[in-house]
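Next come the chains, spelled out residue by residue.
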Amino acid sequence: MSDKPKSESSTRRTFLRNGARVAAMTGLGALGGVLVNRSQAESWVWQIDPQKCLRCGNCATKCVLEQSAVKCVHAFAMCGYCNLCTGYFEPEPNALSTAAENQLCPTGAIKRTFVEDPYYEYKIDEKLCIGCAKCVEGCNRFGNGSLFLQIRHDRCVHCNECAIARTCPGDAFRRVPAKQPYLLKTTHAH
Amino acid sequence: MPTQSEKKKWEKGDKEYGTSNVGAPFHLFTFSLFRVSHALIVLLFLAWLPAFAEPRFPPPDFTETNHQIPTTTTPSARAEWLQYLDVAVLGAGLVVALWCIYKQRSRRGLFWLGIFSLAYFGFWRKGCVCAIGAPQNVILGLFDANYTVPLSVIAFFALPLIVALFAGRAFCAGVCPHGALQDLLLIKPVKVPAWLEHALGVLPFIFLGFGLSFAATGTGFPICRYDPIVPIFRLSGPGLLISLAILTLVLSLFVGRPYCRFLCPYGALLKLASLASKWRVRVTPDVCTQCQLCENSCPFGAMREPSAGNVEPKQLTSERRRFGWLLVLVPLLIAGGAWIGSALAVPVSKMNPTIELAERYINQQKSPANYGPMTPEALSLQRAEHDSEALLKSATDLRHRFWLSCVIFGGWVGLVLGVKLASLSLRTKRTDFEPDRGACFGCARCFRSCPQELVRIGRMPAGDLPQSPVAAAAKT
Ligand code: SF4
Ligand code: SF4
Ligand code: SF4
Ligand code: SF4
Ligand code: SF4
């Protein structure tokens, strides 16, 4: 088309177009300037503040992943290694044994091993844990609160807006720097 | 002090657990606890109070076995440098797309670029980091000083737009995984009637306004939440969205890029940007002979015909007058939209979790509803009771912001409708068949429908060029 003489309306259009482009670039530049000033190079990921979690059970069902990215984790150093673990056993266990009907965990994800009299160690099998927080509730209400929920970053796909955060009754989710992506428990606020 | 002896008491209490046969299993903890002993609880509670952060059952030190206490594992988040890789891939993808559209004029190149983008941004990155959602992060970053937008997100927001300002929607052509997926699925495109195309074409702008006003109030990121393609990348998602995703996929088989054309909010921005673009996608870089062979080659309804000859001056004046009236209508539509927006602000604001909770809390004071114990509803109410003042204050603040953004959103919808109506009565003078700047995704499908192009690339001898019907008509 360049060989044809340009009509009046087409030059006017080009002029308008150039004007709009310059305006848009200026706008984008200004926007970028403001944001880059405030922004940080580091990326952010979602995490649960265990002190705010109310153990409602949403974490098991509301994640966008088939298998929730939230799992129970254990702060072993806080654990009392109790024989009657209120995170492990049903409130009315028939016996303090590893029989499934005595366990609180719906998937049998907690492994109980004897350490020395009278202490037992409890480990979470993350492949089985669904993040339902039943054990967390038991441990926090009656025990040391050493079991708590965390988003596991090897599973989480880092949604722009975490689907569980939206429904969390404890307002426990927040963005944390990806360099320190966990909010681990060290003390239990009863 | 809660000590070993208390722990023993617990273990003894376990006997009584067994006898207290309580029906409701979810209430067991609290209930059987009270059965065990009211007094014990009160005592224990009092004992705990001063020792706030002290463990109930002191962690043992394993004198016998020297057992090593394990540490909590912390699998790391994605490494920091990988986000720069994302930006680099985006930049490289845009360059390759531009090269394929303008230099190589190669559909095949764009096809493979699309496959790559689908694999990288789609199935590997699982659809998150994505330009489509980025406008929400940007606006939240503007309105909320506490929210920092990562640099990579700014890059994803800005780069495709800058490219569009100069050379059209190269991002859509082969870099966007959403577009690539729909494009690959297209097997039998049907033509969407013009009126429907125009009507549905305003949806992306409305969705954009909706997403931005929700993000600006910190209510959420609806563009991400209701994305009908991402569940496919993740192979999971809420049931409703999965059905929506399958519907979109099935639709993509027959309707060219349904999400891109009728919903994508970032596409709306790209469309605006491309309208001002310096260079444009052309069916042939040579002269258009108006043979009409490319007329139906675009499956996305982006091809425009040359404007029909000269218009009678009389008709032109009446058209000008109509355009004038429609322009006058625009402010009225904006005002109407803003008015409707302000009326809807209160009900819509309940989608914000804070406002919803405050509302429920107030209702609860009036007429208590019964939620099951340990349900999210009951637990959030407890939290509300705990700090009702702060909650109500922030809910009131939010409601003001919501009102404002609903008014702006309503006005925006009015503006979009008005501009759309007015633009429908605009006449564009076109001498050739050419893709519409805003609507063309730059997929390069139409190129090879043009005999000029086939001659240019040596697929057809120049002698076979068909005679243009227009030129033929001019001769007679
Ligand atoms: S949604 Fe919130 S309160 Fe419920 S279990 Fe998860 S973190 Fe805890
Ligand atoms: S009870 Fe629930 S949260 Fe605890 S380990 Fe089992 S599945 Fe995980
Ligand atoms: S950010 Fe997404 S993947 Fe991660 S826990 Fe939340 S909903 Fe699940
Ligand atoms: S219109 Fe939207 S979804 Fe479609 S290719 Fe462009 S950015 Fe992607
Ligand atoms: S390049 Fe051609 S076929 Fe592809 S979207 Fe643009 S006009 Fe349609």
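Residues numbered from 1 in each chain as written. Chains lettered and ligands numbered in written order. Predicted model: local features only at pLDDT ≥ 70, side-chain atom pairs only at ≥ 80, totals over all residues. Heavy atoms only, no water.

1. As for the domain arrangement of chain A
What counts here: An automatic or database domain assignment supplies the residue ranges for each domain.
As far as domains go, chain A holds domain 1 (1-39) and domain 2 (44-177). The centre of domain 1 of chain A, based on its C-alpha atoms, is set 55 Å off from the matching centre of domain 2 of chain A.

2. Observations concerning the interface of chain B and chain A
The figure often quoted for interface size is the accessible area lost as the parts come together. Convention followed: Working rule for contacts: check all heavy atoms of both residues, and any pair within 4.5 Å makes them a contact. Throughout, buried area stands for the accessible area (probe radius 1.4 Å) lost by two parts on being put together, summed over both. Put simply, a salt bridge is a Lys or Arg side-chain nitrogen that is within 4 Å of an Asp or Glu carboxyl oxygen. Polar contact is defined as a pair of N or O atoms within 3.5 Å, subject to the rule that within protein one atom must be able to donate a hydrogen and the other to accept it, and that residues adjacent in sequence are counted only when both atoms are side-chain atoms.
Of the residues lining the interface, 90 residues belong to chain B; the matching set on chain A comes to 83 residues. Here chain B meets chain A over a buried area of about 7400 Å², counting both sides, of which 61% is carbon and sulfur. The interface formed by chain B and chain A holds zero salt bridges in total. Here chain B is connected to chain A by 18 residue pairs in polar contact (both at pLDDT 80 or more).

3. Concerning the site of ligand 1
Quick reminder of the rule: Throughout, the term near means that a residue has one or more heavy atoms lying within 4 Å of the molecule or strand in question. Polarity classes work like this: nonpolar for Ala, Val, Leu, Ile, Met, Phe, Trp, Tyr, Cys and Pro, charged for Asp, Glu, Lys and Arg, and polar for all others, with Gly in that last group.
The environment of ligand 1 is made up of 13 residues, and the closest members are C53, L54, C56, C59 and C168 of chain A. Residue composition of the shell around ligand 1, grouped by class: 10 nonpolar, two polar and one charged.

4. With respect to unusual backbone geometry
This is how the line gets drawn: Numbering of helices and strands runs from the N terminus, with a helix taken as a DSSP run of H or I at least four residues long and a strand as a DSSP run of E at least two residues long.
The amide bond that connects D117 of chain A to the next residue, P118 of chain A, takes the cis arrangement and shows omega of -5°. Here P118 of chain A is to be found in the loop between β3 (110-116) and β4 (119-124). Non-glycine residue K126 of chain B carries a positive phi angle of around 55°. Mapped onto the elements, K126 of chain B comes out in the loop between α5 (107-124) and α6 (134-143).

5. Some words on the environment of K271 of chain B
Residues and elements named next belong to chain B. Convention followed: Relative accessible area decides the class of each residue, using a 1.4 Å probe on protein chains only: under 20% of the type maximum gives buried, over 50% gives exposed, and in between gives partly exposed.
Residue placement: K271 occurs in helix α16 (residues 265-275). Taking the relative accessible area as the measure of exposure, K271 reaches 25% and is therefore partly exposed. Considering only alpha carbons, one finds K271 and E377, 106 residues apart in sequence, at a separation of 43 Å. Beyond its immediate stretch of four places on either side in the chain, K271 contacts R169, F205, G438 and A439.

6. Focus: the side chain of R112 of chain A
Residues and elements named next belong to chain A. Its place among the elements puts R112 in strand β3. Residue classification places R112 among the buried residues on the basis of a relative accessible area of 12%. In this structure the side chain of R112 is engaged in a polar contact, spanning 2.7 Å, whose partner is the backbone oxygen of N83. Residues within four places of R112 in sequence aside, it is in contact with C82, N83, Y88, F89, L96, T98, Y120, E121 and Y122.

7. Overview of the packing of aromatic side chains
Residues and elements named next belong to chain B. Note the following rule: Any Phe, Tyr or Trp ring, taking Trp's six-membered ring, that has another such ring centre within 6.5 Å forms a pair; planes under 30 degrees apart are called stacked, those over 60 apart edge-to-face, and the others tilted.
Scanning the model with the defined rule gives 16 aromatic pairs over all chains in all. Ring geometry for F210 versus F214: centroids 4.6 Å apart, planes at 45°, classification tilted. Placement of both F210 and F214 in helix α11 (residues 203-216) is noted, with a separation of four residues, approximately one turn of the helix. Note on F214: relative accessible area 7%, which makes it buried.

8. Looking at helix α3 (residues 134-142) of chain A
For α3 of chain A, the buried fraction is high: seven of the nine residues fall into the buried class. Here α3 of chain A has its buried residues at C135, V136, E137, G138, C139, N140 and F142 of chain A.

9. What about the pattern of salt bridges?
All names here are of chain B. Overall, the coordinates contain 20 salt bridges over all chains when judged by the stated rule. Residue E197 is joined to R261 by a salt bridge in which the shortest nitrogen-to-oxygen separation is 2.9 Å. In this pair, E197 sits in helix α10 (residues 194-200) while R261 sits in helix α15 (residues 258-262), placing the two residues 64 residues apart along the sequence. According to the relative accessible area criterion, E197 is buried, its value standing at 18%. R261 gets classed as buried once you look at its relative accessible area, which sits at 8%. Among the charged side chains, a salt-bridge network with shared partners connects R107, D183, R257 and R445.

10. Quick word on the site of ligand 2
Not every one of the 13 residues close to ligand 2 is listed here, only the nearest: C105, C129, C132, A133 and C135 of chain A. A class-by-class count of the residues in the shell around ligand 2 yields 10 nonpolar, two polar and one charged.

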